[in-house]
Amino acid sequence: MLVSGDRFLADLDALGRIGWVEGEGMRRPAYSPSYDEARRFVAAKMKEAGLTVRTDGVGNLFGRLEGSDPSLPTIMSGSHLDAVPGGGKYDGPLGVMAALEAARSIKERKLPLRHPFEAVGFTAEEGGEMGGTFGSRAMAGLLDEPLPEEKLASVGLTPEMVRSSKRDPSRIACYIELHIEQGPFLERRGISIGIPTGIVGIGRYAVRLTGEANHAGTTPMKERRDAMREAAELLSEWFAWTDARDDMVCNVGVFSIHPGAAAVVPDRAEFTLEIRSLKDSVMEEAASAFRRLLEKRTRVAVSMEPLIWKGAVELSPLLQEAAEKACGEMGVSCVRMPSGASHDAAPMAGIVPAGMLFVPSAGGISHAKEEATPPDDLVRGAEALLRTVLEADARL
Ligand SMILES: [Zn+2]
């Protein structure tokens, strides 16, 4: 092992206590006091390791180690320090602390490194006022102008602070992120490391079916224009269609009916439809298939409005090979797989080659306080990250 497993686990554990509420899980949203405390903790560890520490305009944290060739662009590695409400200790912090451990190990062991290396803790990956992956999108310069001044002010930011956070992509060689899988794929197969080939895209739609409210006792069944029933029939047809596909997933996570009274036939059903796939074309195909099923409903008026469209992201083949080589050196099993969740690597892939490594999630559970990864898997992940960084340093 090149990394110090015990030190890495102890630091990760200490970071996991900041904002932790017993019985509830993590309470560490971006721009909160517990978040600031977590960032100060990591900054202090970075300083202790002899890294040059800096925070940008939006609050992303960087710890920099110089390489032997100052003319080369930076290899970046990290993840985010904020958490979803009631989340776990590993979603985000694992990648930040593993990047810090990589920097420490390179420095201590005097491992050859040509490029500068930066460990990064991004802010506000988990969404909130400015939407997900806010910190990394700000750094990548991918936030749309005009910037929402009021929303920014609510967390103490100005458009100028956001703009000043943009980094020159030509000075970044690549970005590599270690993250928990947040799904059951690796654990079920007994594989140590997952190497994502891409990050699935997300399409989200607001769907509405409008019928007619009426008395639930006196209106004959055949004469009803029941928005609830129409939606139920539509969704059962839709899920039968999706069950036959292995290249996409979908979710209806918000559903409401109007007026919402036991004795009234509902006149309106509204829900969100979310579709995810590694291929934009599959998302488009699924959305049109849904629209066809929707427009078949004759007893109600229907509408389907797009809310969000984030295209699928391809991750760097070179970094996938580097990760595979790292796992080979360590003698641990690995597999290429898609990432079903979005990560800071997604915006980063928009400006530089980006790669990821996954470690197993116990029971496939994440975004919950029960989120866990066995210590051996965490250390294997950190070691694989360091070796991938070194391999990328040699290849890029
Ligand atoms: Zn995450």
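Rules of the game
Residues numbered from 1 in each chain as written. Predicted model: local features only at pLDDT ≥ 70, side-chain atom pairs only at ≥ 80, totals over all residues. Heavy atoms only, no water. Helix = DSSP H or I, 4+ residues; strand = E, 2+ residues; numbered from the N terminus. Rg over C-alpha atoms; globule rule 2.2 N^0.38 Å. Buried < 20%, exposed > 50% of the residue type's maximum accessible area, 1.4 Å probe, protein only. Contact = heavy atoms within 4.5 Å. Areas by Shrake-Rupley, 256 points an atom, 1.4 Å probe, with all protein chains shown as cover. Lys, Arg positive; Asp, Glu negative; His and termini not counted. Charge placed at Lys NZ, Arg CZ, Asp CG, Glu CD. Donors = N, O, S within 2.8 Å, 3.2 Å for Na, K, Ca; no water. Axes fitted to C-alpha atoms, helices over the stretch in contact; angles between N-to-C directions. Left-handed = near helix turned anticlockwise from the far one by under 90°. Nonpolar A, V, L, I, M, F, W, Y, C, P; charged D, E, K, R; others polar. Salt bridge = Lys/Arg side-chain N within 4 Å of Asp/Glu carboxyl O. Domains from an automatic or database assignment. Buried area = accessible area lost by both parts, 1.4 Å probe. Polar contact = N/O pair within 3.5 Å; in protein donor to acceptor, adjacent residues only side chain to side chain. Phe/Tyr/Trp six-rings, centres within 6.5 Å; stacked < 30°, edge-to-face > 60°. Expected span 1.5 Å × (residues − 1).

Participant: Looking at this structure, I do not really get the overall build of the chain. What am I missing?
Facilitator: Scanning the chain from N- to C-terminus turns up 12 helices and 18 strands. Scaling as 2.2 N^0.38, a compact globule of 396 residues should have a C-alpha radius of gyration of about 21 Å, and the chain matches this with 23 Å. Taking the principal axes of its C-alpha atoms as reference, the chain extends roughly 80 × 45 × 40 Å. Within the chain, buried positions represent 53% of all 396 residues. A fraction of 78% describes how many contacts in the chain between residues 6 or more apart in sequence connect residues 24 or more apart. If you sum the accessible surface of the chain, you get close to 17,000 Å²; carbon and sulfur atoms cover 52% of it. On the chain, the mean spot of the 46 positive side-chain charges and the mean spot of the 57 negative ones are 0 Å from each other.

Participant: Would you mind going over the coordination of the zinc ion with me for this structure?
Facilitator: The textbook angles at a metal center are 109.5 degrees for a tetrahedron of four donors and 90 or 180 degrees for an octahedron of six. In this structure, H80 (NE2), D91 (OD) and H179 (NE2) serve as the protein donors to the zinc ion, at separations of 1.9 to 2.2 Å. When the donor residues of the zinc ion are listed from N- to C-terminus, their spacing reads H-x10-D-x87-H. Of this pair, H80 sits in strand β5 (residues 74-80) while D91 sits in the loop between β5 and α3 (93-108), and the two are 11 residues apart along the sequence. Exposure class is identical for H80 and D91. Each is buried.

Participant: What am I meant to see in the packing of helix α8 (residues 227-243) against helix α9 (residues 280-295) here?
Facilitator: Think of two packed helices as two axes; the pair is described by the angle between the axes and how far apart they sit. For the pair α8 and α9, the least separation of the axes is 10 Å and the interaxial angle reads 145 degrees. For the crossing formed where α8 meets α9, the hand is right-handed. Touching L234, L235, E237, W238 and W241 of α8 are E285, A286, A289, F290, L293 and L294, all from α9. Taken together, the residues of the contact of α8 with α9 sort by class into nine nonpolar, no polar and two charged.

Participant: Sorry if this is basic, but what is going on with the pattern of salt bridges here?
Facilitator: Should the charged atoms of two oppositely charged side chains come close, the side chains can pair. What the rule picks out here adds up to 33 salt bridges. Ionic pairing is found between E233 and R229, a salt bridge with its closest N-O pair at 2.9 Å. Pair noted here: E233 and R229 are both in helix α8, with a separation of four residues, about one helical turn. Of the charged contacts, one joins E237 and R297 as a salt bridge, the two residues approaching to 3.0 Å between their closest N and O atoms.

Participant: Would you take a moment to explain the domain arrangement of the chain for this structure?
Facilitator: By convention, interface size is frequently given as the accessible area that disappears when the constituent parts associate. Along its sequence, the chain is organised into domain 1 (5-199 + 312-395) and domain 2 (201-310). Centre-to-centre, using C-alpha coordinates, domain 1 lies 37 Å away from domain 2. With both chains or domains summed, domain 1 and domain 2 bury close to 490 Å², and 54% of this area falls on carbon and sulfur atoms. For the pair domain 1 and domain 2, the number of links is zero salt bridges. Taken together, the links from domain 1 to domain 2 amount to two residue pairs in polar contact (both at pLDDT 80 or more). The dominant element in the side of domain 1 that touches domain 2, judged by the number of residues it contributes, is strand β8 (residues 193-199), at three residues.

Participant: In this structure, what is going on with the packing of aromatic side chains? I would like to understand it.
Facilitator: Each aromatic ring pair is described using two quantities: the centre-to-centre distance and the angle formed by the ring planes. Under the definition given, this model contains five aromatic pairs. Consider the rings of W238 and W241, whose centres lie 5.3 Å apart with planes at 15 degrees: the pair is stacked. Of this pair, W238 and W241 are both found in helix α8, three residues apart, which corresponds to roughly one turn of the helix. Taking the relative accessible area as the measure of exposure, W241 reaches 25% and is therefore partly exposed. Taken together through their ring pairs, the aromatic side chains of W238, W241, F255, F271 and F290 make up a single cluster.

Participant: What exactly am I supposed to notice about α3 here?
Facilitator: Helical geometry note: an α-helix holds 3.6 residues per turn, so side chains three or four residues apart project in the same direction. Helix length check: α3, at 16 residues, gives a terminal C-alpha distance of 22 Å against a target of 22 Å (1.5 Å per residue), a fit within 8%. With respect to burial, α3 is a largely interior element, 14 of its 16 residues being buried. Of the residues one or two after α3, K110 is the one with positive phi, at around 50 degrees.

Participant: Just to check I follow, could you spell out the environment of A394 for this structure?
Facilitator: Residue position: A394 is located in helix α12 (residues 375-395). You can call A394 exposed: its relative accessible area is 57%. Spatially, the C-alpha atoms of A394 and M161 are 35 Å apart, while their sequence positions differ by 233 residues.

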